[in-house]
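Geometric and topological summary
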Amino acid sequence: MSNNLESILGSEAKGLLEHQCKTIDNQMLHLPGPDFVDRVVSQTDRGPRVLRNLQNVFEHGRLGGTGYLSILPVDQGIEHTAGASFAPNPIYFDPENIVKLAIEAGCNAVASTFGVLGAVSRKYAHKIPFIVKINHNELLTYPNTFDQRLFASVEQSYNLGAAGIGATIYFGSEESNRQIEEIANAFEIAHSLGMFTVLWCYLRNNDFKTGGKDYHTSADMTSQANHLGVTIEADLIKQKQPTLNGGFKDIGFSKTSDLVYNKLTSDNPIDLTRYQVANCYMGRGGLINSGGPSGENDLQQVVKSAVINKRAGGMGLISGRKTFQKPMDEGVKIFHAIQDVYLDDNVTIA
């Protein structure tokens, strides 16, 4: 057990670092590694330029050559309003500082809006891989509505030098059918132009909160969202780590199997996240978990999330508010702590 990790994780260290998964055997997974593009992605229908762009991302930053990814995502200026996002650290109203943080932190890539990346593309598109987030939910409508709408085209993203595009689908929402069709079409175009694809597979439905529980992070339901994501050929899946299970049964909708709860998962967060990986075609689609909002003990929380993701068979962490809502040197420190988990050979697959 790493002494530094043990001190950061505190009382949770042993349970997280020594847990052995007895649900889905790790031998069944397509695990991240330096050869992931050759071993897994090259078997698909993705063209040579997609393979090249993915390989470039895997080779970039502090995690270059490991098969793991550390990405800075900053689309919150639209998703949560610019004031809510950048008031804690106003330097990030300037797009250049967003890209600078990703570079200083040794990230594999930076994901942001078309406007942010377009504002600095000639200076930075050749220095760090760009992922353009092409759709967003905006909060200026009153009363608030929640719908991911296209803000940019695939072609615009290609022209500013993006290596990949990202998008969100609100699975479970009234608008999800349209979003699935829009993004499936966008992903087809992106692959034809040589860009890889990243899908934020989020759940959204007021009825997913019931009985005092929020099933938007339920393992069974988020995993099915992942499965829908890889079905439309998302190369990477961004998903919130599960905090509970049993949403399908407790809400009483869709279809499931008792084996999901009795055999394929347990209460351990690593096992719950392993089920998310399984639904990404057993790891053929890389699972990147999100870091969540900034709060207390951010360093401990991101390290914990990284350990869970790595030991479950995931491909990395995407962390925004916990990093850019702090002074840049503190944000860099948090990114390095995340990356150190993936660089630590003592943190192994469960």
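Anything mentioned here points back to the structure above.
Below or above, wherever it landed, is the structure these notes cover. Model, not experiment: these values are computed from the prediction.

Taken as a whole and judged by the stated rule, the model has two cavities of 30 Å³ or more. Roughly 40 Å³ of internal volume is contained in the largest cavity. Along its surface, the largest cavity is lined by Gly33, Pro34, Phe36, Val37, Gln55, Phe58, Glu59, Gly65, Thr66 and Gly67. Only α3 (36-39) and α4 (48-59) provide two or more residues apiece to the lining of the largest cavity.

Okay, the packing of helix α7 (residues 95-104) against helix α18 (residues 328-343) next. A pair of packed helices can be characterised by two numbers: the angle between their axes and the separation between those axes. α18 packs onto α7 with a crossing angle of 45 degrees between their chain directions and a minimal axis gap of 9 Å. One element, α7, and the other, α18, form an angle in the oblique class. For the element pair α7 and α18, the recorded crossing hand is right-handed. Residues Asn97, Lys100, Leu101 and Glu104 of α7 lie in contact with α18, whose contacting residues are Met328, Gly331, Val332 and His336.

Turning our attention to unusual backbone geometry. The residue after Tyr142, namely Pro143, is reached through a cis peptide bond having omega -5 degrees. Within the secondary structure, Pro143 sits in the loop between β4 (135-136) and β5 (149-150). Even without being a glycine, Glu233 presents a positive backbone phi close to 70 degrees. The topology assignment puts Glu233 in the loop between α12 (219-231) and β10 (236-239). A relative accessible area of 27% places Glu233 in the partly exposed class. Notably, Tyr281 is not glycine yet its phi reads approximately 55 degrees, a positive angle. Here Tyr281 lies in the loop between α15 (269-278) and β11 (286-290). The class for Tyr281 is partly exposed, based on a relative accessible area of 37%.

Calculation criteria
Residue numbers here run from 1 along each chain, matching the order of that chain's written sequence. For a predicted model such as this one, the threshold for reporting local features is a pLDDT of at least 70, and the threshold for listing and counting side-chain atom pairs is 80 or more; totals across whole chains, interfaces and linings nevertheless cover every residue. Side-chain metrics rest on all non-hydrogen atoms present in the structure, leaving aside hydrogens and water. Cavities and pockets are found on a 1 Å grid laid over the protein atoms alone: a cavity is a set of points where a 1.4 Å probe fits but cannot escape, a pocket is an open set with protein on both sides within 12 Å along at least five of seven lines, and a lining residue has an atom within 4 Å of such a point. Grid points are joined across faces, edges and corners, and a volume is the space filled by probe spheres set on the points. Counting from the N terminus, the helices are the DSSP runs of H or I reaching at least four residues and the strands are the DSSP runs of E reaching at least two. The axes used here are C-alpha line fits, helices contributing only the stretch in contact, and every angle between their N-to-C directions lies in the interval 0 to 180 degrees. Geometric relationships in this document are graded by angle, where less than 35 degrees denotes roughly parallel, more than 145 denotes roughly antiparallel, 65 to 115 denotes roughly perpendicular, and other angles denote oblique. Helix crossings are classified by the rotation of the near helix relative to the far one: an anticlockwise turn of less than a right angle makes the crossing left-handed, while a clockwise turn makes it right-handed. Only heavy atoms enter the contact rule, under which two residues are in contact if any of them lie within 4.5 Å. Residue exposure (1.4 Å probe, protein chains only): buried if accessible area is under 20% of the type maximum, exposed if over 50%, otherwise partly exposed.

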